[in-house]
Amino acid sequence: MEKHFLADMMAGEGKPEFRAEPWYNPYGDCIVYKMADEAVVADRIDELLTVYNSAVDNRPIGFQIKGVQATIRKLGLDGLAVASEADAGGVKSISIAALLLAAYEEGEPTLARRRAYASVMECSVKKRTIPADDLQPA
Amino acid sequence: MAANCACETIDPNNPTGPKIDAIFPAAYLLRLYKYSPVDYENLRAAKYVLENPKRIFFGVRVFNQGGWCYTGHPAEWYIKERAIVPFPKDRVFAVYVNPNLQVYECRAEYTDAVDPLCPVDWQNRYRGLTWKSTS
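Residues numbered from 1 in each chain as written. Chains lettered and ligands numbered in written order. Predicted model: local features only at pLDDT ≥ 70, side-chain atom pairs only at ≥ 80, totals over all residues. Heavy atoms only, no water.

Once that is clear, we can look at the overall build of chain B. Helix and strand content of chain B: four helices and nine strands. Moving toward the C terminus, one meets the helices and strands of chain B in the order β-β-α-α-α-β-β-β-β-β-β-α-β. Relative to the 2.2 N^0.38 estimate, which gives 14 Å for 135 residues, the radius of gyration of chain B is 14 Å and therefore close to what a compact globule would have. Here chain B holds 135 residues, and the buried ones make up 58% of them. Taking contacts inside chain B between residues at least 6 apart in sequence as the whole, the part at least 24 apart equals 49%. By element, 52% of the accessible surface of chain B is carried by carbon and sulfur atoms, the whole surface being about 6100 Å². On chain B, the mean spot of the 16 positive side-chain charges and the mean spot of the 14 negative ones are 2 Å from each other. (Helix = DSSP H or I, 4+ residues; strand = E, 2+ residues; numbered from the N terminus. Rg over C-alpha atoms; globule rule 2.2 N^0.38 Å. Buried < 20%, exposed > 50% of the residue type's maximum accessible area, 1.4 Å probe, protein only. Contact = heavy atoms within 4.5 Å. Areas by Shrake-Rupley, 256 points an atom, 1.4 Å probe, with all protein chains shown as cover. Lys, Arg positive; Asp, Glu negative; His and termini not counted. Charge placed at Lys NZ, Arg CZ, Asp CG, Glu CD.)

Among the nonpolar cores identified, the biggest contains 58 residues, and Phe 24, Leu 43, Leu 50, Phe 93 and Val 95 of chain B are the most heavily contacted of them. With residues up to four places along the chain from it excluded, the contact list for Phe 24 of chain B reads Ala 3, Asn 4, Cys 5, Cys 7, Leu 29, Leu 43, Ala 46, Lys 47, Leu 50 and Val 103 of chain B. (Core = buried A, V, L, I, M, F, W, Y, C linked by side-chain atoms within 4.5 Å.)

Residue and element names in this part refer to chain A. Here the structure, examined in full by the defined rule, presents ten aromatic pairs over all chains. Judged by centre distance (5.5 Å) and plane angle (45 degrees), the ring pair of Tyr 33 and Phe 63 falls under tilted. Within this pair, whereas Tyr 33 is found in strand β2 (residues 30–34), its partner Phe 63 is found in strand β5 (residues 60–66), the two being separated by 30 residues in sequence. Comparing Tyr 33 with Phe 63, the two get one shared label, buried. (Phe/Tyr/Trp six-rings, centres within 6.5 Å; stacked < 30°, edge-to-face > 60°.)

So, about the side chain of Asp 11 of chain B. All names here are of chain B. Its location among the elements puts Asp 11 in the loop between β1 (5–9) and β2 (20–24). Lys 19 provides the closest opposite charge to the buried, salt-bridge-free Asp 11, at an N-O distance of 12 Å. A distance of 2.9 Å separates the side chain of Asp 11 from the backbone nitrogen of Asn 13, its partner in a polar contact. Setting aside its immediate chain neighbours within four residues, Asp 11 contacts Pro 18 and Ile 20. (Salt bridge = Lys/Arg side-chain N within 4 Å of Asp/Glu carboxyl O. Polar contact = N/O pair within 3.5 Å; in protein donor to acceptor, adjacent residues only side chain to side chain.)

In this section: the interface of chain B and chain A. Residue-level contacts link 47 residues of chain B with 46 residues of chain A. Buried surface at the junction of chain B and chain A, both sides included, amounts to about 4100 Å², of which 59% is carbon and sulfur. The interface formed by chain B and chain A contains two salt bridges. Salt-bridge contacts for Asp 39 of chain B lead to Lys 34 of chain A; the nearest nitrogen and oxygen are separated by 2.9 Å. Between the two partners, chain B and chain A, sit 18 residue pairs in polar contact (both at pLDDT 80 or more). In terms of residue count, helix α1 (residues 26–35) of chain B provides more of the side of chain B that touches chain A than any other element does, nine residues in total. When the residues that make up the side of chain B that touches chain A are grouped by side-chain class, the tally is 26 nonpolar, six polar and 15 charged. (Buried area = accessible area lost by both parts, 1.4 Å probe. Nonpolar A, V, L, I, M, F, W, Y, C, P; charged D, E, K, R; others polar.)

Under the defined criterion, the tally for this structure stands at zero disulfides over all chains. No disulfide involves Cys 30 of chain A; its nearest neighbouring cysteine sulfur is the one of Cys 106 of chain B, lying 11 Å away. Since its relative accessible area comes to 0%, Cys 30 of chain A is described here as buried. Free cysteine Cys 106 of chain B: the closest other cysteine sulfur is in Cys 7 of chain B, separated by 10 Å. (Disulfide = S-S within 2.5 Å.)

Here the focus is helix α2 (residues 96–105) of chain A. All names here are of chain A. The buried count for α2 comes to seven of ten residues, which makes it a mostly enclosed element. Among the residues making up α2, those that are buried are Ile 96, Ala 98, Leu 99, Leu 100, Ala 102, Ala 103 and Tyr 104. Where α2 begins, one side-chain oxygen reaches toward the backbone nitrogen of Ala 97, 3.2 Å away; that side chain belongs to Ser 95.

Okay, the pattern of salt bridges next. Residue and element names in this part refer to chain B. Counting across every chain of the model gives 17 salt bridges over all chains. Among the salt bridges present, the one from Asp 90 reaches Arg 91, with a minimum N-O distance of 3.5 Å. The class of Arg 91 is buried, set by a relative accessible area of 17%. One salt-bridge network, held together by shared partners, links Glu 105, Arg 107, Glu 109 and Arg 125.

With mixed pairing, the ten strands of this open sheet are ordered in space as β1(A)-β2(A)-β5(A)-β4(A)-β3(A)-β8(B)-β7(B)-β4(B)-β3(B)-β9(B). This sheet does not close on itself; its edge strands, each paired only once, are β1 (23–25) of chain A together with β9 (128–132) of chain B. For this sheet, the mean inter-axis angle between neighbouring strands, taken without regard to orientation, is 30 degrees. On the sheet, helix α3 (residues 43–51) of chain B packs against β4 (68–72), β7 (91–97) and β8 (103–110) of chain B and is oriented at approximately 80 degrees with respect to β7 of chain B. (Pairing = 2+ DSSP bridges. Axes fitted to C-alpha atoms, helices over the stretch in contact; angles between N-to-C directions.)

Here it is in structure tokens:
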């Protein structure tokens with residue numbers, strides 16, 4: 001494989017290390033989570049949820065939750081807050097599970113959707129929150 | 001130091017006109033480089049697709065107006081660290097671009113049964129097809 005077109009730019013950025021944690025992508029207004037450093041094939045479940053299947057063996061290895069700002073506008077940060085932090089002077093973090101539940105409530109309660117959302121909820125996500133300060137769209 | 005990276009591609013608003021620059025945002029590039037190495041490697045495939053698109057779709061999100069999806073078929077991609085394989089014939093590589101022409105998602109998609117250069121269910125996922133390669 002030829003040299004990466006960004007290799008020179010990234011030369012001083014340190015050693016890469018895969019991090020299995022959800023993060024907010026401000027350019028796509030979505031939360032992205034991958035539990036394995038593998039390429040993904042997207043399985044779009046509905047307008048708000050896409051499941052990432054591994055390109056290696058097709059097992060689910062992550063997800064993307066879209067329309068984050070619209071969900072926040074609808075429910076407010078308080079509606080997505082981590083309960084233990086909600087009363088301590090403002091919302092510090094929002095819950096991934098609360099976002100998923102909000103996304104599920106937007107669509108028809110079909111078996112396929114229920115199964116997909118359940119599989120995502122069962123993902124072994126170590127970090128289950130996103131700092132509220134990170135949720136700034138680009 | 002990471003900086004925005006421009007990539008010349010077809011103007012989705014004027015496909016037959018001059019090419020325009022899609023932007024890989026610096027923060028996005030740095031995130032992939034530092035914490036998602038395989039996705040970083042597959043930015044090569046994303047760049048290839050932007051430079052050699054086969055289909056461009058518009059209206060890719062319900063809750064975020066605008067944006068496009070460029071699709072194409074790179075020759076190869078990384079499926080895990082140090083594992084480069086031919087890009088499968090029954091997948092299509094999709095690059096999602098927001099209304100500011102900033103790239104925000106690059107990934108493989110399952111293909112449409114009739115047109116393998118389209119993602120599956122594209123008729124319901126997107127508002128329409130903006131442009132289609134004739135080559």
